[in-house]
Amino acid sequence: MSNEIRYGKADVLTEHVQMRVGDGTVMGGYLARPAGLEAGPAVLVAHELFGVTAHVRDVCERLAGRGYVALAPDFYHRAGAGAELPHDPGGRERGFGLLRGLGRDGTLADAAAGYGFLTERGSERIGVVGLSLGGHIAYLAATALPFAAVVAAYPGWLAGTEIGLSQPAATLTLTAGIRGRVLVLIGDADHAISGTERDAIDGALATAGVPHEVVTYPGVAHGFLCDRRDTYDAAASKDAWARIDGLLDGALRP
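About the cut-offs
Residue positions are given per chain, counting from 1 as you read along its sequence in written order. Only residues with pLDDT of at least 70 are given local features in this predicted model, and only at 80 or more are side-chain atom pairs given and counted; all residues enter the totals for whole chains, interfaces and linings. Hydrogens and waters are ignored; side-chain quantities use all the structure's heavy atoms. A pair is scored as a salt bridge if a Lys or Arg side-chain nitrogen falls within 4 Å of a carboxyl oxygen belonging to Asp or Glu. Labels follow the DSSP assignment, with helices taken as runs of H or I lasting at least four residues and strands as runs of E lasting at least two, numbered in each case from the N terminus. Planes of paired rings set the category: under 30 degrees apart is stacked, over 60 is edge-to-face and the rest tilted, where pairs are Phe, Tyr or Trp rings (Trp by its six-membered ring) whose centres lie within 6.5 Å. Burial classes: relative accessible area under 20% of the type maximum marks a residue as buried, over 50% as exposed, and values in between as partly exposed (1.4 Å probe, protein chains only). Charge over a ring is defined by NZ of Lys or CZ of Arg lying within 6 Å of the ring centre and within 35 degrees of the ring normal.

Draft legend 1. Local environment of the pattern of salt bridges. Here the structure, examined in full by the defined rule, presents 14 salt bridges. Two residues, Arg-121 and Glu-38, come together in a salt bridge whose shortest N-O distance is 3.3 Å. With a gap of 83 residues between them, Arg-121 in the loop between helix 4 (104-120) and strand 6 (126-131) and Glu-38 in the loop between strand 3 (26-34) and strand 4 (42-46) connect regions that are remote in the sequence.

So this is what it looks like as structure tokens:
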């Protein structure tokens, strides 16, 4: 069953959906779309450490309010289906436990299932927007799938091999597979991404010849797009969304 939301001037329909993954598992997801639009330019939204939370659903609904079909797959579906963790130390600890269960092959299969779900509905131009952990997932997925636009907001662990997603070799080593334009958004006070890592991301994209922009916000911390966190930054969020909107409009509109 779908729900209807008034989002600004647009009517947005939302529903929980299921997708079959290539490994035989079934993955849930949150879908938001403009009322009356079954297909059209689409965006896959990759969730934070905390799962498909109200913040992630807000992002989907905002994108739908701008005319996109937006889908947030549940990348935790194998170990913690439906996980929606609080933005607090306990939620973070549980999130890291779920993160340890994410492997590269399974996550790429999940991203492909989400991409396929959107194409089967009739979407031809698809972008991906990822937040924190989801920023890493978005970047990784774009090395294997033909996303027309890639937004990685404060993406963690891209330059190292600390987590399963970045093994056996750092995700940055796969950069040459990216086919769309990339926008990376990072605060320079981000505890999870050092200046050296920011430079490594920029350098990998430049070396691979991928059209990109790496935007750094002075004095801004991790998670600045999420208004449910104490690290939310209204000015950085406003600027970031203007850049996201511009990238998606340019890459996904016919």
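Draft legend 2. Expanded view of the packing of aromatic side chains. Per the stated rule, a full pass over the model turns up four aromatic pairs. Both rings, one in Tyr-115 and one in Phe-147, keep their centres 5.2 Å apart while their planes meet at 85°; by these two values the pair is edge-to-face. Remark: Phe-147 occurs in the loop between helix 5 (133-142) and strand 7 (149-153) and Tyr-115 occurs in helix 4; sequence separation between them is 32 residues. Among the residues examined, Phe-147 registers a relative accessible area of 2% and is labelled buried. Look at Tyr-154 and Phe-224: their rings are 5.1 Å apart centre to centre, the planes differ by 70°, and that puts the pair in the edge-to-face class. Placement of the pair is Tyr-154 in the loop between strand 7 and strand 8 (181-187) and Phe-224 in the loop between strand 9 (212-217) and helix 7 (234-252), with a sequence separation of 70 residues. Taken as a pair, Tyr-154 and Phe-224 share a single burial class, namely buried. Members of the aromatic cluster, each reached through a chain of ring pairs, are Tyr-154, Tyr-217 and Phe-224. In this structure, Arg-62 packs its charged tip against the face of Trp-241, placed 4.0 Å from the ring centre. The ring of Tyr-68 carries Arg-253 above its face, with NZ or CZ at 4.3 Å from the centroid.

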